[in-house]
Every structure is written in structure tokens, then in C-alpha cells.
Amino acid sequence: MDNVWVILPTRRAVMVFEQELTQLTDRPMLAPHMVAVDDFITEAAGVQLIDNVSLLFELYEVFRELDKNVEFEQFVGWASVLLADLDRIDLYRIDPDHLFDYLTEAKALERWSPDQPQQLPFKTDSKALSHYFGLFSNLKAAYYKLRKRLLANELAYRGMAYRLLADGVRSLVVDKPGIYEKIYFVGFNALSACEEHIIRVLTSTDRAELIWDADSYYLADREQEAGFFLRKYKDSGLPGFKDRSGYVGQGDAQTVTVGDSLTTTAKQLQMMGLPTASLQAKVAGQLVSTTPPPAPPLELRGGGQTLREQTPLPLVQGEGPGVGSGAARTAIVLADETLLVPVLYALHESVRELNVTMGLTLRNSLLFTLIDTLFEMQRTLMEFKTPGQPAEKVPKFHHRQVVKLLNHPFVRQYEKIHALMAPDRDNELPKPLIDWMLAEVVTGKRAYLDEQELLELGQGDQLFDVLFKRWPANEPAVAIRALFNLVDLLREVYRDAQDTIEIEYLYLFFSLLKQLETTLTRQAQTPGSPAVTLKSFQQFLYELIRQTTIPFTSEGDSHVQLMGLLETRTLDFDRVIVLSANEGIMPQSRHLNSLIPFDIATEVGLPTYREQEAITAYHLYRLLQRATDVTFLYTTATDAYGKGKGEPSRFLRQIEHELVPAAKGNIRLTKPLLRVDHADRPDSVVLNVPKTETIRESLKTYLTERGLFPTALNHFVACSMRFYFERIVGIREEEEVDERIDVAEFGTWLHNTMENLDKEYRMLGKPVTQEVVKTLLDREYRNVMGGRVSDTGYNLLFYQLAHDLMQAFQDYQNRETLDKGITVLATERTLITYLPVDLGNGEVVTVKLGGKIDRLERLANGTIRIVDYKSGKVDLPTKVDPATLGESLMLLADEGNRWEKIRQLWLYKYLILKENQYPNVPVEAGFYSLRTFQKDPRFLSNRVAFSDDNDPATYITETENLLRQMVKRMFDKAQPFAMTNQIEQCQYCHYNKICGR
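First, a word on what this report is: a plain description of the structure on this page. Bear in mind that the values here come from a model prediction, so they are computed numbers and not experimental data. (Residues numbered from 1 in each chain as written. Predicted model: local features only at pLDDT ≥ 70, side-chain atom pairs only at ≥ 80, totals over all residues. Heavy atoms only, no water.)

### What about the packing of helix α7 (residues 158-167) against helix α9 (residues 193-204)?
The axes of two packed helices give the description: the angle between them and the distance between them. Note the cut-off: What counts as an axis is a line fitted to C-alpha atoms, over the stretch in contact for a helix, and the angles between N-to-C directions run from 0 to 180 degrees. Helix and strand assignments follow DSSP, with helices taken as H or I runs no shorter than four residues and strands as E runs no shorter than two, numbered in order from the N terminus. Any angle that is under 35 degrees is reported as roughly parallel, and any over 145 degrees as roughly antiparallel; angles of 65 to 115 degrees are reported as roughly perpendicular and all others as oblique. Note on convention: the crossing is left-handed when the near helix lies turned anticlockwise from the far helix by less than a right angle, right-handed when the turn is clockwise. Contacts are assigned to residue pairs with any non-hydrogen atoms lying within 4.5 Å of each other. For this scheme, ten residues count as nonpolar: Ala, Val, Leu, Ile, Met, Phe, Trp, Tyr, Cys and Pro. Four count as charged, namely Asp, Glu, Lys and Arg, and the remainder, Gly too, count as polar.
The geometry of α7 relative to α9 is characterised by a closest axis approach of 9 Å and an angle of 25 degrees between their N-to-C directions. Classified by the interaxial angle, the pair formed by α7 and α9 is roughly parallel. In terms of crossing hand, the pair formed by α7 and α9 is left-handed. For the pair α7 and α9, contact is made by Y162, R163, L165 and A166 and by C194, E195, H197 and I198, respectively. Of the residues contributing to the contact of α7 with α9, the split by class is 5 nonpolar, 1 polar and 2 charged.

### Overview of the sheet that holds strand β25 (residues 843-858)
Defined as follows: Should DSSP find at least two bridges between two strands, the strands are taken to pair.
With mixed pairing, 5 strands are arranged side by side in an open sheet as β24-β25-β26-β27-β28. Taken across any chain shown, the strands that pair with only one partner, and hence form the sheet edges, are β24 (823-840) and β28 (940-941). One ladder, built from 7 bridges, connects strand β26 (residues 864-870) with strand β27 (residues 923-929); its direction is parallel. Each residue of the ladder has a partner; that of I866, found in β27, is A925. Against the sheet, helix α35 (residues 952-971) touches β24 and β25, its axis set at about 55 degrees to β24.

### Topic: the packing of aromatic side chains
What counts here: Centres within 6.5 Å are what make two rings of Phe, Tyr or Trp a pair, Trp counting through its six-membered ring; a difference in plane orientation under 30 degrees is then read as stacked, over 60 as edge-to-face, and the rest as tilted. Classification of residues uses two cut-offs on accessible area relative to the type maximum, computed with a 1.4 Å probe and protein chains only: under 20% is buried, over 50% is exposed, and between them is partly exposed. For a ring to carry a charge above it, either NZ of a lysine or CZ of an arginine must fall within 6 Å of the ring centroid while also lying within 35 degrees of the normal to the ring plane.
For the structure on display, the rule yields 42 aromatic pairs. Pairing Y217 with Y621 gives two aromatic rings, centres 6.1 Å apart and planes at 40 degrees, and the pair type is tilted. Here Y217, found in helix α10 (residues 216-220), pairs with Y621, found in helix α25 (residues 609-624); they are 404 residues apart in sequence, far enough to count as distant. Under the relative-accessibility criterion, Y217 is labelled buried at 12%. With relative accessibility at 1%, the residue Y621 sits in the buried group. Consider the rings of F464 and F468, whose centres lie 6.3 Å apart with planes at 0 degrees: the pair is stacked. Exposure remark for F468: the relative accessible area of 2% places this residue in the buried category. Through a chain of ring-to-ring contacts, the aromatic side chains of Y702, F716, F723, Y724, F725, F977 and Y991 assemble into a single cluster. Sitting over the ring of F977, K691 keeps its end group 4.8 Å from the ring centre.

### A short note on the side chain of R231
Test applied: The charged-residue count follows a simple rule in which Lys and Arg add positive charge and Asp and Glu add negative charge, with His and chain termini not counted at all. By convention in these notes, a salt bridge is any Lys or Arg side-chain nitrogen within 4 Å of a carboxyl oxygen on Asp or Glu.
Along the chain, the position of R231 falls in helix α11 (residues 228-235). Buried charge R231 goes without a salt bridge, the closest partner of opposite sign being D221 at 6.2 Å. Residues contacting R231, with those up to four places away along its chain left out, are Y218, L219, D221, R222 and Q224.

### A short note on helix α32 (residues 793-820)
As a reminder, the rule being used: Multiplying one less than the number of residues by 1.5 Å gives the expected span of a helix.
In a regular helix each residue adds 1.5 Å, so 28 residues correspond to 40 Å; α32 covers 40 Å between its end C-alpha atoms and thus fits that length. Buried within α32 we find N795, F798, Y799, A802, L805, M806, Q807, F809, Q810, Y812, Q813 and E816. Against α30 (743-760), α31 (770-785), β25, β26 and β27 lie the buried residues of α32. Where α32 terminates, the next one or two residues include G821, which has phi positive at roughly 60 degrees.

### Section: the sheet that holds strand β19 (residues 560-563)
Taken together, the 7 strands give an open sheet; going across it, the order is β13-β19-β12-β20-β21-β9-β22, and neighbouring strands pair in parallel fashion. A single partner strand is all that each edge strand has here, and the edge strands are β13 (354-356) and β22 (667-670). Strand-to-strand twist across the sheet, computed as the mean angle between neighbouring axes with direction ignored, equals 15 degrees. Bridge analysis of strand β12 (residues 330-334) against β19 gives 4 bridges, and the strand direction is parallel. Along β19, the bridge assignment pairs A331 with Q561. On top of the sheet, helix α13 (residues 277-288) reaches β9 (267-274), β12, β19, β20 (575-579) and β21 (629-635); it is set at about 170 degrees to β20, its chief contact.

### Things to note about the packing of α11 against α25
Between α11 and α25, the least distance of the axes is 8 Å, while the angle of their chain directions is 100 degrees. Comparing their axes, α25 and α11 come out roughly perpendicular. Facing α11, whose interface residues are F228, F229 and L230, α25 presents E611, A614, I615 and Y618. Residues of the contact of α11 with α25, tallied by class, amount to 6 nonpolar, no polar and 1 charged.

In C-alpha cells:
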């Protein structure tokens, strides 16, 4: 047996084969060589597989020889695609001369234009086009040069190793009987051209035998794509296809591989649609923990006898798989490998024996999210001019990436381990450092932060020095050192968390960094080597991360196996649970990232999506052959996989409408549904809050202590539910930083500027010049906008708009001051008064009423004018009907918010009259609308009047009567706080998600 070889598709299959072989004897024996096909190929070909990063550099050196102008940044973008194409070209023994000549001519046709005069030579439109077509012209030479460079060092990529063995199979295998006496190829299906050639040569010399695993259901039916490759091999004369019947228990059955168990084995089959992808993991975990129904015994007929093969004993109720020797062998098959971690967490604790064949990809780890955020922060870094030194620029990080980094679980865990606290502040409780940093970013409106700011905020801790250090674009070594430092700091985090998987991720990432550092150092020492930038370094690192997984080590005879569909090759299970059985996932969508167009690939014989779908179909049907309990889970949500549709795989349709009828009752199909019954749920729910005694007490406290101001009054009239959320419960919208100036901040900026112009100049009799306006505008920008920049993009437009508006308005104010003799009496003045309200039953509430007036001024004729500034549009009603005035003030909330503005001025005038500081003089209230000021520069007066002569006493009396009615309505138990009926009011409300609007 020393020279006998058993070749299987995967290393997992090799492990299982070894275990099965040991069960056949109770004494030591000399076993054959048992290897996966990839290992056999490389060993027989006498080469080693080159790692991907080194292969990329080898390919780049080849292209540099062919084109001195090739740019490394662009090369990295398409190099991995080209290498995948070269791998397929060799695997399928495509004639490179024919393919590359064909491809070059096809690209030449793309450049040809029938309208161009023949005497004129073709000219590319741009440098990019020249590089694009030049790439295809160099492919043939690059292919041969790369092979030559690799062979000189006894290296190869996978497809190249296969081709080397296929081209030299006679000398490398056939002519070495002392090493390869007999070779068995077991469990193969879709052979590459190299594999097929190797097998044909070896079987023709009786050096090899084939053992297929096929079923007559899809082998005999030429419409079944699962049997596409096997039918082709059978028709072309490859050996190994015999009918199983008549060979049971006989000695020559070792190559008998065609049976009919797919339709004759009794099966319980169910297909279940679920709303979300993650819910599949929960359902799969529950299925594994339950006992499958017992299947009828399997009958095998042949040779005049009937063999009854009993299924394994069912599990005891309550036991999970792995408890007891009679547990059924269960395979959980993930068509979408990103569900691996959710499934692991969903399995019941009773699942003590578990084998995971697939690996956990590093790209789906928490560590990768941290690394990715670091690179994104470096990518979005911007440089800003230093005030007073325009030649110097300061690099700053965007606040979104900074906040994302600070909120990362690993950074938070580091803070906890090291007990990082915010600096001590008077009259403040101790606060965690990161919470304080985030608050400082928000309150300071720091849209961009430099290294020094972040280090100061982080109190000089070394973690923040590592995280927030700029990485020069042309020095990837700086990034590597920073990442090494980060790994060192994270070791404590991992050690404290005791997360085995994340510790393994950290080790793998450290190994990748070491590999990249070694490769880049070697390249840097090579004369004429390309300068690797931070961007290309990131591409290299991400490519390695994409290919890196954590391999699980576990017992191969575990009763529960977790694997991808490809890993199921040659393995049989009693119970199968397939997740993500959706169209576009199984089979995958028809997309192949390749430089070779589909029509050319078809012409030269390269496989396309058609062959890939046939491969997937075979693996699925082969997995079902000897299974007795099968469950398919798929999602019904249209966007679960971003495919725009939530429909089951076509294979499920084929099984339901073709396989099940062909089984003639041996397969029992069910379709259980998981759904939420919405039959009794109305289309929309109108929220309301009853005014309990507790709520009334809270309302009383609010009105007597904090007071009723115009904004709160407007909110109550527009939507009492909003008033409840905001004023009684105190729900506040979470503050965020936005690098762009929003409308509210724009208004605050202008208000503050006008306030200080009045305080510092007009009220002191100083002239207001354009230079004064610009100075105060800049000063208030810094006060209001914090760390926002004003010299780029959207903010620059806002800044210029504010400058134009303020200059025009102050010029108008200067003229008005001269023409009407305006004297500014006060700015931002807060007025307070108290109003007793009898609620009945002897209960009296003294309501605090207040308002903050932007500006109070006196005209030359003695009129007192209340001024409110509006940065937005002001559209007051053209006419106010005295008959409906009271009702409008109490109830009306119109779409244009016109009555909100009227209500505001109504209260301001009431407060001034109530104060009685200016008796026996007319009082007028109105607006200046800065938005419409340049077109219509005038004072917009409020038209609310309760008498023809505008008597102050009448105004006060009528106003207080209306206010008492409104306060009583606030306390009225018969009128709960409720959502408004005017849906348009909800569009910009902070609480619309709570209300479901």
C-alpha cells in the first residue's frame, strides 16, 4: 500500500476517509497515501505555491519590463483580476497564443471607427485609454514572462501547477511506478481540463481508477444540470460508471458508483421562508436541538435478497446532538458564509461536539472594523490653512471617523481596563474619558480635529497617540509601525475579554503585518522597485485580509458539522439543514470579475456561470442522496441579500416540482411558515396620553417654574403630543456634529451678530461700518460654529450669504436710524409675568409667562417697536378677522406656520404692555425677514388687535382670557395629549419616529 494513492477533492474529505479506514480493521496496517488534490498536484509537479503578495510584485516587475509607464497604483487595481484569469487559463489548458491574440484583436475592433478616414492613424483619446488598450496588447508577453520568472525559482500559482503536471504527467507520474503504483480519484465531479487530462492519461495506462458518486435521477435525465459534467465524462469514455444494483456485497463493487438513493431513500423534506437572514441562524439552532422524526428503514434490493439498513436511533427528547452515541449526523450548510458567527451563537449549549469545516473570515471581525475605520479616517483627512499663515496647512481628521473610532468596542474596553476618566471639573461628577471627549466634540462643534487637539482631549494617553497620528501618503512604513503599536495595546483588551476567536484574529492580523512588512522591505531594497504608497499598501492588506480565515480545529467525527456547500463533497449526512437557499445565493448571481469578455471566454472554452450553476446543482443533489431529514431555509425579505428580491432558489422549485414527484411518495415535503399575525392590528395607531394626576403635577411644575413661552405655546397648539414629549417628559434629540452649517445655527449666528452690533455700537452711539459688520460676523462665527471651517464648500456659500445679508441689513438700519430717529432701548431682553388660572374645585395655578425679545426700539414719534429677527421667510396673513381672532390664536396651526409667528408677536406685545414701562405710547410688534430683505426691505407689522383703537387694557384683558382658556385645556382630563391630525406638521418633527409617522 506504500505506493497506492487516494486523491480526494478536499482535506476535510481526507480526514473523514482516514477515520473511516481505521474503522475497517482492529490491527495496525500500512495505509495508502491519502491527500487532497491540490496537495497531490503541487507535490507531483515539483513546485511550491507562491503567496499572493509576492505574486503581485512578480507580475508588476513583468509589466515594468513591458511598459515603463505602468503606474503601480493603477496596476494594483486590476492585477488580482488578471491573476485570477491566468489561473483559469492554465486550469483549463487554454491556448494562450490563441486567446491573447483573439483578445487583442477584439480590443482593436473596439478602437476602430468606420467614420475615421483610412489614411489617418488611430489616436487614443486620452492617456487612460492608451493604458487600457496597452494592457491587453501586453497580456500575451506578460503571461510567458511570468511563467519563466516563477519556474526559475520553482514557484507556481495554482493553475500553473496543474498545467505543469498535465503537460508532463507521463514523465512526472506514469514513468515513476515506484512512487505512483496505483491512484484512486474519489468523489470528483466537475474536472478542470488539466485534471481531466491527467486522469485520462493515468486511466489509459491502468495506473488510476475513478470512483464517482452519482445518482441515476440526474445522470439519466439530460435536462438535469446536476448531471451535466458526469454525463459528459460518461459519454466521452471515462471509466467508473456502473449500475450499483447487483453488486451489493460483492468484491468488485469498489468502482460501482451509480445508484438511485435520491428517489428511493425515505426523506422528510421541509422548506421554510423567514423574514430576515439572521433569523435563519436562530431557526437552525433550534432545529439542531430538536429530535428529527425517525425515517423508515432503507431497503436495498439486489442478488435475490433484501438488505434492511436501519437509520440511527433517535435522540432522547431534550438531548441535543452530541449527547448519546445514537445521534444522527447533522450538516448545517451555509450558502452565505457570513452567517457562520450567528449560527455558532445560536446553537444550544447541549451541542458539545461540533466540527466547523469553513473558516471565520478576518474581514467580518471587530478588529477589521477598527482597522478599516483607521484607514477611512486617514483617507478623509483634510488640510486647512493656518490663520495668519496661509502658506502653512494643518491636517485634520473628520469628526465622523473620530467618533466611530472612539465608540469602537475595543477602544471602550481599553478605557475600562485603564480606568480612563475625564479631567476634574468643579461641581461635576467624574465622567469616563471617552464620553467626555464625545461631548466636547459635539458642544464645540468640532467638525475637524487635528492631532494635537485629539491628544489633549485624550489626556495624552498612548492609545490616542497611536490612533490619531497622520500617516504620510508615501510612507506605508509609518502605517505599519502604527498598526504594530495598536496590536501591542490591544493585547490587554483581548486578554481581559478572554475572547478566543478575537485573540486568534489578533494573531492572524499580526502575522499578516509581518508578512507585508517583510515583502515591502525586500521590494524597497530591489533597484528600480516601485514606491509603495499608503493606498496600495491598504489594497495589499485588504486583499490578504479577504483571503485569511481562522481555521477551526475539532473532532472530525462530531455529530454536528458546520460547512459551506463545497466542503460537503464526498461526505454523507443523515440530517441536512441548508441556510440562505435564495436565488442569487444558491446558485450565486451571474457575475464574474474578469478581463476576458463572456463571448470570448465561451469561444475558447473557459467556464462561465452556466458551468458554475451545474457544479452547485450537483453538490446540492449529491448531498441529498443519502440524507433522511432535509430542511431548506430562505429569506422572504426583498433586500435581505441586496438582490432586490426575496425568492427561494430555483433548485428548491426543481426539487418541489421534479424530484418529489419522481420519488413517488418516498419524499414527504412540507412548507411550515413563520409569520406574525397582523389581522387585528390597525393600519395606523393614534397615540394619546391621558392626563393622570402624576402628569398634571408635572405639567403644573413646568408651567409654574419653567414657564410658558411662545415656542412652547406654539408646540401645544400645533401638536399637544409634541408638547408632552418635549416639555413634560423632556425627551431631547441627540446632538450630533455636522460639518455643514444648519439653518438653526445660521439664524443663531446672525442673531448674535445683530445683538452685538446693537450693544457695542448702536446703543453707544458708535457708527456701524462695513468693516465693523465683517469683524463681528467673523467673531460670532467662531463663537457659534466652533471648529467648523468657513473657507470651503457649503459653509463658504453660507458665509458669503451671511456677509451679503448683514451688510445690506445694516445699511438699511443706518438709513432707518436717520430717517425715523430710531433709538435702540434693549436687545435680547427677557420679559416675565405671572397669570393666575382657576382650574375649578378651588385649584388655582399661577402660570409663569415669558418671552425673549430680539430688539426693543423707540421711534422719533415715541412709538415703541418690538422687533423679532427671522433668517427664514416670513409670510403673515394679509388680513386678520376680528371675529375669529381668538379661535385662531388658540387653535390654528397652518401649513406655512404663519399663525405661529403671529402668536409669538401677540405674546411679546402683551408682555410689554403688562410690564407698563412705557405707558401712554403706541406699541407695535413686527419682524425683519432677512431672507426676503434684499427684495423687500421693510418692517413687517403684526396685525393682532382686539379693538379698533388698540386700547392696551382691552389687549391685556382679552389676551389673558385666551391664555386662561389655553391653560385650562392643557389640564383638561377629557382632552389627552394627542397626535395632530395635520400630517404635514410631522415632516420635520423630532418625534415622528415615536409616533410612527
